[in-house]
Every structure is written in structure tokens, then in C-alpha cells.
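# Understanding the architecture of this molecule
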Amino acid sequence: MQELGKAESNSIRITRQDDQRVTIEKDLDTEHMVLSMGPQHPSTHGVLRLECITDGEVIVEAEPYLGYLHRCFEKHCEKIDYPAIVPYTDRMDYLAGMNSELAYCITVEKLLDIEIPRRVEFIRVITSELNRIASHLVAIGTYAIDLGAFTPFLFCFRDREHIMNLLEWISGARMLYNYIWIGGVAYDAPADFKKRVAEFVTYFRPKAVELYKLLTENEIFVKRTKGIGIMPADVAINFAWSGPMLRGSGVKWDLRRNDPYSVYPELDFDVPVPDGKFSDVGDCLSRHLVRALEMEESLKIIEQCLDKMPEQQGFDPRAVIPKKIRPKAGEVYGRAENPRGELGYYIVSDGKSTKPVRCKARSSCFVNLAAMKDLSKGQLLPDLVAIIGSIDIVLGEVDR
Amino acid sequence: MEEAANQMSPAVLESKAAYDIIRERFGDAVSEFDANPTMPFFEVLDVDRWVDIALYMRDNSLLQFNYMACLSGMDYPEEEKLGIVCNLECIGKYAHKIAVKVKCKRDGGSIPSVSCVWHTANWHEREAYDMYGMVFEGHPDLRRILCPEDWTGYPLRKDYQVQETYHGIKVPY
């Protein structure tokens, strides 16, 4: 049976049977029903509520309601000093704390106009790329579980644990690090850190391939995600999508390349963009594919950083941290490539105070999630779960 | 003037070139260019023309500001004004970026909505309304987004006083 077309309202469906007969079904629409999905629904990845108006199993409209995890980040920032904001940034995107810290610190450093020691830059890039892999592992693992595959989830969390151990070793915490500070990092990397990270890279590389074979090429998984929730490139740009979401729509846009910061210009890595052979460009599978392929690129970056990182005996990573952080009057918009996209901070300083006048966080998932309403229109209810999962939201960052 | 131009970094000069095109078209509706090295910007002085300027910035083939990275609400208590700051840039042909400021008066002020120009502005404007209380004219769905719907006051205003109780729960701690 082949579907030839259906009307916008789903009231008419035209199909061709196997014996070439064409059937036209009329008046298929049912009475609309309001279905509230969340805030405690496991597939909403936290406390997101979707109010779905459904026509049978088809979604007429899905309106997201947020704010359940709103912790007044921006209001708090007006009351605390610049360095004290770093732990708050951890708690926004708690799956990628290092990346959030990095984005905030490079923004304030732009305003302060200070030079960072080279070794610190490499430590920052290594930790944030490790964190990117950890974050993508959670994204992939939970996405698999949303679609009914349990095994990849366990594989992902097993491997993520190694990264958590490495980051705990360097910073003292598993998830909320407060490690990257304005002008430096909290502690120097331990003596054997390089060796252990290199070991992890050799351990993880075949595991990433295994995960790819297990999940990404799995036929059931592909059937659930291919062609679902397609977002054309121009609309994605208009929605200001970023990160794997935008790259999934076929736009080669990565802030590490397009607006380089830290030591990324020196490093050699690719920006994976789906070519439409395996997935339909812009669908859920493309977005998943970008994440799956990006882990390998992160491994490449880490390897190069390990080679290039200068060794210094008795290195003090806090050497250039200003005693009192009081930037000159001005404003800045700084950003970095997070696992979920562009995390930006808009900071205004009045030049007198040690507290920012305004610190706005441009959260990547908040912006990505805004397209939910348009993405879900006319999709089936089970596909809604696939779409939310592919957006890879962290509600801590959405609600701030 | 030439000396000032020499001191600008290449990125700021790109923004200046983009600004000059906008200035040529809209004249006094936009302010002078501020060559802030970390975030070059200009201000829209004629608020009513903000949507025209936004459309021109998005669609002009020499500008193509198709990507709105961020829209932040702002409070300017000393000027008695509220405002928004939009960070715009181009994905594709050019690499220029520029910030635009739009201000309105503090009490009952309104700014035209640009959510029809950049879809992403929809939620950003809802957030700015939620936190600062300026109205975005022509916004399709202007409701609070992060705070509860029945919250009183606009939390990010500098003179914000938190309400005593909310549904019988003591709020200040």
C-alpha cells in the first residue's frame, strides 16, 4: 500500500493498494483531544510540558510550556561577582559543564582583554572536548531509550563513566566542575593526565564504531527516525538553530571553525554534515548522525591537543587570573560551540562594579526548542518522542 | 575620522561597511555607528521603522543578516527606558555581524515585533516581555514564558520588588 497524498487536516487520505486500486477515504478526522505530555514524562528529558492537540494519533498542534526549572540565573548574576557566576553556568547545562564554563570565561576575557597561557588553553580544550563526548553519549543513549532500544544506553553510560572519572580527577567534581576560571583554570592537569586521556582515546575509538553499528545502522532505529521531523536549511537558519541541529539540516556551521576561539584554529578536524545518502537531510536521523560522527572529531582534537600541549614544571594555572575582576565599561557578546549548539553570553559592565550590570545567557536548547511547534505539526504522536529526543534538550539550560 | 577608521579591527570594519549600507537607506532613523571593539552596534532611533530596517537587513543582497544569534532585553534606568539588543550575523555569503539596539519608554512602552522576520525572535521576545514588561506590537503569542502566568512584576527591572506571597507561599527568603 502506497500513500499518494493527504489533506492538511488529515480528513482525506488517498492510497494505492498493492493491486493498483486507488482508494479515497473521506471524513477521517476525529474529535480533537487535548493531551498533556509531561512535565514528568520520561521522554521529555526533564520537566518540559507539551500540550498536544491531537486528531486521533496525529498532532494538530504541540505547544511547549517551560519554566519548571527556572532558577533566575540572570537575576542572580546582577548580585554576584564575575568569578562567582562560573558555578551557576555549570548548573545551566549540567551535562556539559566544562563547555558552559568555557563560553562564559572567554566572554569575560574578551571584555578584560587578557592573554591566557598556552597550556591553559590546551587543558580547556581537552576538558571541554571530553565533556562534549560525554554529553553526546548521554544524548545518544537517552535517544535510543526513547525509541525503545535499551542496550546502547548501557554502553553509552559505561563509556561516559570513564570521562566522568577523568574530569573528576582533574577538577574534583563529576558533573558541576567550577574548573575553568576567568583567566585560567582551577588546578593544573595531574602528572599522568595526558597518559590516561590517551588511553581513553584508544579505548573509546572502537567503542564509538561499535555504537555506530549497534544503533545508528540499526534498521528499527532508522525506520523510526528517517524522514521524521524534517527541517529545511533556510528555515533552520531563520529559527537560529545551531550546533548539531543546524548541521543536521545540511548547513556547515561550527563556531569552532566559523568564529574560532581558544586554540581551535591550530587544530585539524572536520565538521560532519549529512550528505543525504544515509539519511534525509534535516530529519531526526541526520541530527543523530551528526552527534555520532562528531565524537570521532572530538577524539581527533583531543589527540592533537595532547601532542601540542606544552609541558611546564611547576606551572601555575592561576598566574594571570586578575586579583579583582572589574572590566572596563562596555558590552560584549561572546559565544562558544556547546554540544547542543551556540551558547552565548551578552555581558554589560559599567566599569565601576565587580558585578555585571546584565548577563544574559543565550541558551542553545531554548532556541532550538522554539521550533518544536512547527516541527511537530501533522506528525504522529510516537514520532513526537523521536523529534524531542533529536533536539537533545537539557531543561536546566532551557529554563536557566 | 580616517585615523579612527585605521584603529578599527577588520571585524569592526566589516560591520561598519554593513552599517553604511543601512545608513544610506534609512538616514536619520538609525543612530551613528558605535565602533565598540567587542560588539559594534547602532541604535534604531525611529522605533516605528524597526521592522522595515529588520526586513531590509535580512533581505538586502549585500547584508543578508539571516541569523539572529541573540535578542536580550535591557533596562536603562538612568535614561528611563527599556530596550532590546539584537545580535545579528550572516550565515553563508558574508562573515559580518552587527548588533542593533532598540529602545522604548519605561512605562507602557512598546517595540514592534520582528518575529515575522526571524522566527527565533518569537521566544526571545516573549522572554524579554516576561522579564522587562515591554510590549512587542504584532507578536503572535505574547505570553510569559519562564515565569508563571500569574506572576506579578517584571523580575529583571532594576527597581523590581518581589511580591510578598504567591498562592499563599512566602516569596522573599
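Sequence order as written defines residue numbering, which begins from 1 separately in each chain. Throughout, the order in which chains and ligands are written sets their labels, letters from A for the former and numbers from 1 for the latter. pLDDT decides what is reported in this predicted model: residues at 70 or higher carry local features, side-chain atom pairs at 80 or more are listed and counted, and totals for whole chains, interfaces and linings draw on all residues regardless.

Now for the overall build of chain B. The helix count covers DSSP runs of H or I at least four residues long, the strand count covers runs of E at least two residues long, and both are numbered beginning at the N terminus. Across its full length, chain B carries four helices and eight strands. Ordering the α and β elements of chain B from the N terminus gives α-α-β-α-β-β-β-β-α-β-β-β. Summarising its shape, the C-alpha atoms of chain B cover approximately 60 × 30 × 25 Å along the three principal directions. Here the C-beta atoms are placed from the backbone, and a residue counts as buried if at least 20 other C-beta atoms lie within 10 Å of its own, exposed if 12 or fewer do, and partly exposed otherwise. Buried residues in chain B amount to 43% of all 173 residues.

Along chain A, the regular secondary structure elements total 15 helices and 11 strands. Its C-alpha atoms give chain A a radius of gyration of 23 Å, within 12% of the compact-globule value 21 Å for 400 residues. The buried share of chain A, taken over its 400 residues, is 49%. The contact rule is simple: place each C-beta atom from the backbone, and if two of them lie within 7 Å, those residues are in contact. For chain A, contacts bridging at least 24 residues in sequence account for 67% of all contacts bridging at least 6. Based on C-alpha atoms, the radius of gyration is set beside the globule rule, defined as 2.2 Å times the residue count to the power 0.38.

All right, on to the confidence of the model for chain A then. On average, chain A scores 86 in pLDDT, and the residues at 70 or more come to 97%. The predictor rates its confidence in each residue with pLDDT, a number between 0 and 100. Predicted confidence in chain A is weakest over strand E1 (residues 2-6) of chain A, with a mean pLDDT of 66, and strongest over helix H4 (residues 118-146) of chain A, with 91.

As a further point, take the nonpolar core. The term nonpolar core means buried Ala, Val, Leu, Ile, Met, Phe, Trp, Tyr and Cys residues held together as one set by C-beta atoms within 7 Å. Grouped together as the largest cluster of nonpolar side chains are 157 residues, with contacts concentrated most on Met68 and Val100 of chain B. Sorting elements by how many residues they give to this core places H4 of chain A first, with 13 residues. Each residue touching Met68 of chain B, except ones within four places of it in the same chain, is listed here: Ala240 of chain A together with Cys86, Leu88, Trp118, Thr120 and Ala121 of chain B.

Let's shift gears to unusual backbone geometry. All names here are of chain A. In the Ramachandran plot, Asn178 falls in the positive-phi region, its phi being about 50° despite a non-glycine side chain. Structurally, the position occupied by Asn178 is in the loop between helix H5 (151-171) and strand E7 (180-181). For Ala240, which is not glycine, the phi dihedral falls at a positive 55°. Inspection of the secondary structure assignment puts Ala240 in the loop between helix H8 (233-238) and helix H9 (244-248).

Let us look at the pairing of strand E11 (residues 358-362) of chain A. All names here are of chain A. With respect to burial, E11 is a largely interior element, five of its five residues being buried. Both faces of E11 are covered, namely the face carrying Arg358, Lys360 and Arg362 and the face carrying Cys359 and Ala361. Across five bridges, strand E10 (residues 341-349) lies against E11 in antiparallel orientation. If you follow Val348 over to E11, its bridge partner there is Arg358. Two strands form a pair only when DSSP identifies at least two bridges running between them.

Moving on to the sheet that holds strand E6 (residues 58-65) of chain A. Residue and element names in this part refer to chain A. Pairing is antiparallel across the open sheet formed by three strands, whose spatial order is E4-E5-E6. Two strands bound the open sheet, and with one partner strand each, they are strand E4 (33-37) and E6. Going from strand to strand, the sheet's axes swing by 20° on average, the running direction of each strand aside. Here five bridges tie E4 to strand E5 (residues 49-55), and the two strands are oriented antiparallel to one another. Each bridged residue has a counterpart across the sheet, and for Val34 the counterpart in E5 is Ile53. For helices, the fitted axis covers only the stretch in contact; all axes are lines through C-alpha atoms, and the angles between them, taken along N-to-C directions, range from 0 to 180 degrees.

What fixes the domain bounds is an automatic or database domain assignment. The assigned domain composition of chain A is domain 1 (1-30) and domain 2 (73-399). A separation of 44 Å is found between the C-alpha centroids of domain 1 of chain A and domain 2 of chain A.

Moving on, we come to the environment of Leu147 of chain A. Residue and element names in this part refer to chain A. Among the structural elements, Leu147 can be located in the loop between H4 and H5. Distance in space between the C-alpha atoms of Leu147 and Pro382 is 8.8 Å, their sequence separation being 235 residues. If we ignore the near neighbours within four places in the chain, the residues touching Leu147 are Phe221, Arg224 and Ala386.

Residue and element names in this part refer to chain B. With mixed pairing, four strands are arranged side by side in an open sheet as E1-E4-E3-E2. The two strands at the open ends of the sheet, each matched to only one other strand, are strand E1 (41-44) and strand E2 (67-76). Looking at each pair of strands side by side, their axes are set apart by 25° on average, direction ignored.

Let us look at the interface of chain A and chain B. Contacts between the two partners involve 28 residues from chain A and, on the opposite side, 25 residues from chain B. For the side of chain A that touches chain B, the elements supplying multiple residues, two or more each, are helix H1 (73-77), helix H3 (97-112), H8, strand E9 (330-338), E10, E11 and helix H12 (364-369) of chain A. Ranked by the residues each element gives to the side of chain A that touches chain B, the list is headed by E9 of chain A, at four residues. In the side of chain A that touches chain B, the residues fall into 14 nonpolar, five polar and nine charged. Residues are grouped as follows: Ala, Val, Leu, Ile, Met, Phe, Trp, Tyr, Cys and Pro are nonpolar; Asp, Glu, Lys and Arg are charged; every other residue, Gly included, is polar.

A few words now on helix H3 (residues 50-59) of chain B. One full turn of an α-helix is made of 3.6 residues, so residues set three or four places apart face in the same direction. Residues and elements named next belong to chain B. Among all positions of H3, only Trp50, Ile53, Ala54 and Met57 are buried. Seen end-on, H3 carries its buried residues on one side only, within an arc spanning 100°. Those residues of H3 that are buried are in contact with helix H2 (10-26), E1, strand E3 (81-89), strand E4 (97-105) and strand E5 (110-112). The arc refers to the directions leading from the helix axis to the C-beta atoms.

Residues and elements named next belong to chain B. The residue Ile53 is located in helix H3 in this model. Taking the C-alpha atoms as reference points, Ile53 and Pro40, separated by 13 residues in sequence, lie 17 Å from one another. With near-sequence residues (within four places) excluded, Ile53 lies in contact with Ile22, Phe26, Ala29, Val30 and Val44.

Residues and elements named next belong to chain B. Across the interface, H2 lies against H3 with an axial gap of 11 Å and an inter-helix angle of 135°. Classified by the interaxial angle, the pair formed by H2 and H3 is oblique. As H2 runs across H3, the sense of the crossing is right-handed. Residues Ile22, Arg25 and Phe26 of H2 form the contact with H3, whose participating residues are Ile53, Tyr56 and Met57. Taken together, the residues that form the contact of H2 with H3 break down as five nonpolar, no polar and one charged. Angles are sorted into four bins: roughly parallel if under 35 degrees, roughly antiparallel if over 145, roughly perpendicular if 65 to 115, and oblique for all others. Crossings are sorted by hand: turned counterclockwise from the far helix by less than a right angle, the near helix makes the crossing left-handed, and turned clockwise it makes it right-handed.

Moving on: the confidence of the model for chain B. All names here are of chain B. Within chain B, residue pLDDT values average 86, and 97% of them lie at 70 or more. For chain B, per-element mean pLDDT is lowest for helix H1 (residues 2-7), which scores 58, and highest for helix H4 (residues 121-132), which scores 91. Across the assembled chains, the prediction reports ipTM 0.89 with pTM 0.87.

Time to look at helix H6 (residues 193-216) of chain A. In this analysis the local bend is the angle between axes fitted, respectively, to the seven residues ending at and the seven residues starting at the residue. The sharpest bend along H6 of chain A measures roughly 30° and falls at Phe204 of chain A, with the proline Pro206 of chain A sitting one to four residues further on. In this fold, the buried residues of H6 of chain A make contact with H4, H5, helix H7 (219-225) and helix H11 (284-308) of chain A.

All right, on to the pairing of E5 of chain A then. Residues and elements named next belong to chain A. Two strands pair when backbone bridges link them, and E5 and E6 are joined in this way by seven bridges, in the antiparallel orientation. If you follow Thr54 over to E6, its bridge partner there is Ile59. With antiparallel pairing between neighbouring strands as the criterion, E5 and E6 make up a hairpin whose turn holds two residues, including Gly56 at a positive phi of roughly 65°.

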